[in-house]
Amino acid sequence: MAYDIVVLQVDQFPAFAAYMNDHLCDNGIGNTSLFQPLAAVDCRFDGDRAERFRSALSTATDGPGWRRAWVAMSDAGRIVGHVDLRDHPLPYTRHRCLLGMGVDRNRRGTGLGRQLLDTATQWAAEQGWIDWIDLQVIASNAPAVRLYEKAGFVQTGSTADLFRFDQRSVDFDSMSLRLKSPPDA
């Protein structure tokens, strides 16, 4: 099934925030894998977190703090998935960006995640200055890890017991996708 994937506009942000709040309430609940390193009490998208995300959408990509996001729209005009790329926060990493994404509980396993990944990857490759896309994923989130591997991401590291919350220890994996080779040294 193909979804309409569009650039997230600032005027869509209230609907996006509502989608994110609904999405985050699934984090590690029932049969859903833990997909964010957040305690149940913190699984919300509001306040400073939401404002930083919204503000970064308007930041130019030629400097720090930028973010670009795309949303998948249902036939009814509802947001059912998202993917975003953002500035790497470390110095000397302009050639890399970080990926984040999520899919509505009723759309998981439909191919939407791959469509979202392909959209973000295509945009990054077209920029010319992004050589790598990096991401972090909860190690136990097997569906997400499989999706990233099928898209060409490779594991570049793992940190055991990085997070502790809700009486659990959570391992975090790092994965990367190379878009182009580094310049000759």
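Rules used throughout
Residues numbered from 1 in each chain as written. Predicted model: local features only at pLDDT ≥ 70, side-chain atom pairs only at ≥ 80, totals over all residues. Heavy atoms only, no water. Phe/Tyr/Trp six-rings, centres within 6.5 Å; stacked < 30°, edge-to-face > 60°. Helix = DSSP H or I, 4+ residues; strand = E, 2+ residues; numbered from the N terminus. Buried < 20%, exposed > 50% of the residue type's maximum accessible area, 1.4 Å probe, protein only. Salt bridge = Lys/Arg side-chain N within 4 Å of Asp/Glu carboxyl O. Core = buried A, V, L, I, M, F, W, Y, C linked by side-chain atoms within 4.5 Å. Pairing = 2+ DSSP bridges. Right-handed = clockwise from strand over helix to strand, strands pointing away.

S.K.: Quick rundown of the packing of aromatic side chains? Include the residues and the values.
M.R.: What the rule picks out here adds up to 12 aromatic pairs. When the ring of F16 is compared with that of F45, the centres are 5.8 Å apart and the planes differ by 90°; the resulting orientation is edge-to-face. In this pair, F16 sits in helix α1 (residues 13-24) while F45 sits in the loop between α1 and α2 (47-57), placing the two residues 29 residues apart along the sequence. Judged by relative accessible area, F16 falls into the buried class, the value being 0%. Given a relative accessible area of 3%, F45 falls into the buried group. Joined through ring pairs, the aromatic side chains of F13, F16, Y19, F45 and F53 make up one cluster.

S.K.: Before we move on, can you summarise the pattern of salt bridges with the specific residues and values?
M.R.: If charged atoms from side chains of opposite charge come close, those side chains can pair. Applying the stated criterion to the full structure yields 12 salt bridges. Here R44 and D46 are joined by a salt bridge, their closest N and O atoms 3.6 Å apart. The partner of R54 in a salt bridge is E51, with the nearest N and O atoms 2.6 Å apart. Of this pair, R54 and E51 are both found in helix α2, three residues apart, which corresponds to roughly one turn of the helix.

S.K.: Can you break down the nonpolar core residue by residue, with the values?
M.R.: Core analysis: the largest hydrophobic core is formed by 30 residues, its most contacted members being L85, L99, M101, L112, L116, Y148 and F153. Of all elements in the fold, only β2 (67-73), β3 (79-87), β4 (96-103), α3 (112-127), β5 (132-138), α4 (142-150) and β7 (168-178) reach the threshold of two or more residues within this core. Judged by nonpolar contacts, the second largest core, of 18 residues, contains F16, A50, L57 and V71.

S.K.: Describe the pairing of β5, with residues and values.
M.R.: Within β5, six of the seven residues are buried, which leaves the element mostly enclosed by the surrounding structure. Direction of pairing for β4 relative to β5: parallel, over a ladder of three bridges. The partner of R96 across the bridge, within β5, is W132. Once the chain exits β4 it traverses α3 before rejoining the sheet at β5, and the crossover so formed is right-handed. In the sheet, β5 pairs with β7 via seven bridges, with the strands oriented antiparallel. Paired with I138 across the two strands is F172, which belongs to β7.

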